[in-house]
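In case you want the letters, here they are:
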Amino acid sequence: DDKKEYCEAQFDEADDQKKALTRAISDRKNAIATAKEAISTLTEEIASLSKGITDLDKAVAEGTQQRKQQNEEYKELKASDAAAKELLSFAKNRLAKFYNPKLHKAAPKREL
């Protein structure tokens, strides 16, 4: 009788341990599944952010190229404006020589 009770107690204890281990295994499997899902989500987010960074780099490069082109155009415009102003000043001086000699400014002599 004592042996039977002892065996039953051992069986109950072993059954409880089995249930606890089964529960722990199930919990670990759920944790692994959750971690895998999180890894998958983070991998997708990283890919999306990498694509965004690549697109942003491309946009920055295009913007830089456009600004360089605009700067060159601006410099050309300023140079042509300066040349036009100089030409107008020269023409104004020539007209002043003919129509109003008092306002005429003699051109400086060039040395060769």
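Structural data are supplied above this passage.
Residues numbered from 1 in each chain as written. Predicted model: local features only at pLDDT ≥ 70, side-chain atom pairs only at ≥ 80, totals over all residues. Heavy atoms only, no water.

K.L.:
Just checking my understanding: could you explain the overall build of the chain for this structure?
P.N.:
Looking only at helices and strands, the chain features one helix and zero strands. Its C-alpha atoms give the chain a radius of gyration of 45 Å, clearly above 13 Å, the size a compact globule of 112 residues would have. For the chain, the spread of C-alpha atoms along the three principal axes comes to 145 × 25 × 20 Å. A total of 112 residues make up the chain; the buried ones form 3% of that total. With the model as given, the accessible surface of the chain reaches about 11100 Å², and the carbon-plus-sulfur share is 58%. Side-chain charges of the chain comprise 22 positive and 21 negative groups, with the mean position of each set lying 25 Å from the other. (Helix = DSSP H or I, 4+ residues; strand = E, 2+ residues; numbered from the N terminus. Rg over C-alpha atoms; globule rule 2.2 N^0.38 Å. Buried < 20%, exposed > 50% of the residue type's maximum accessible area, 1.4 Å probe, protein only. Areas by Shrake-Rupley, 256 points an atom, 1.4 Å probe, with all protein chains shown as cover. Lys, Arg positive; Asp, Glu negative; His and termini not counted. Charge placed at Lys NZ, Arg CZ, Asp CG, Glu CD.)

K.L.:
Please clarify how helix H1 (residues 2-99) should be interpreted in this entry.
P.N.:
Residues spaced three or four apart along an α-helix face the same direction, because each turn holds 3.6 residues. With 98 residues, H1 extends 140 Å between its outermost C-alpha atoms, agreeing within 8% with the 146 Å of an ideal straight helix rising 1.5 Å per residue. Among the residues of H1, Gly 63, Asn 93 and Ala 96 are the ones counted as buried. (Expected span 1.5 Å × (residues − 1).)

K.L.:
Quick question: what am I supposed to make of the pattern of salt bridges here?
P.N.:
In total, this model carries two salt bridges according to the counting rule given. In this structure, Asp 15 and Lys 19 form a salt bridge, with 3.9 Å as the shortest nitrogen-oxygen distance. In this pair, Asp 15 and Lys 19 both sit in helix H1, four residues apart, roughly one turn of the helix. On the basis of relative accessibility, which here comes to 35%, the residue Asp 15 falls in the partly exposed class. Between Asp 55 and Lys 51 there is a salt bridge, with the nearest N and O atoms lying 3.1 Å from each other. Here Asp 55 and its partner Lys 51 are both found in helix H1, four residues apart, which amounts to about one turn of the helix. Asp 55 gets classed as partly exposed once you look at its relative accessible area, which sits at 40%. (Salt bridge = Lys/Arg side-chain N within 4 Å of Asp/Glu carboxyl O.)

K.L.:
Would you explain a nonpolar patch on the surface in this entry?
P.N.:
A cluster of nonpolar side chains, contributed by Leu 95, Phe 98 and Tyr 99, occupies part of the molecular surface with about 420 Å² of accessible area. Following the sequence through the fold, Tyr 99 ends up in helix H1. (Patch = residues over 30% accessible without salt bridge, like charges linked within 9 Å, V, L, I, M, F, W, Y side chains within 5 Å.)

K.L.:
I would appreciate a short explanation of the packing of aromatic side chains in the present structure.
P.N.:
Aromatic ring pairs are reported here in terms of the distance separating the ring centres and the angle at which the planes meet. In this structure the tally under the stated criterion is one aromatic pair. Here Phe 98 and Tyr 99 contribute two aromatic rings whose centre-to-centre distance is 4.8 Å and whose plane-to-plane angle is 90°, an arrangement assigned as edge-to-face. For the pair Phe 98 and Tyr 99, a shared accessibility class is recorded, and that class is exposed. (Phe/Tyr/Trp six-rings, centres within 6.5 Å; stacked < 30°, edge-to-face > 60°.)

K.L.:
Looking at this model, I keep getting lost on a negative patch on the surface. Mind explaining?
P.N.:
A contiguous patch of negative charge, built from Asp 1, Asp 2, Glu 5, Glu 8, Asp 12, Glu 13 and Asp 16, is present on the exposed surface. In this structure, Glu 13 sits in helix H1. On the accessibility criterion, Glu 13 (43% relative accessible area) is partly exposed.

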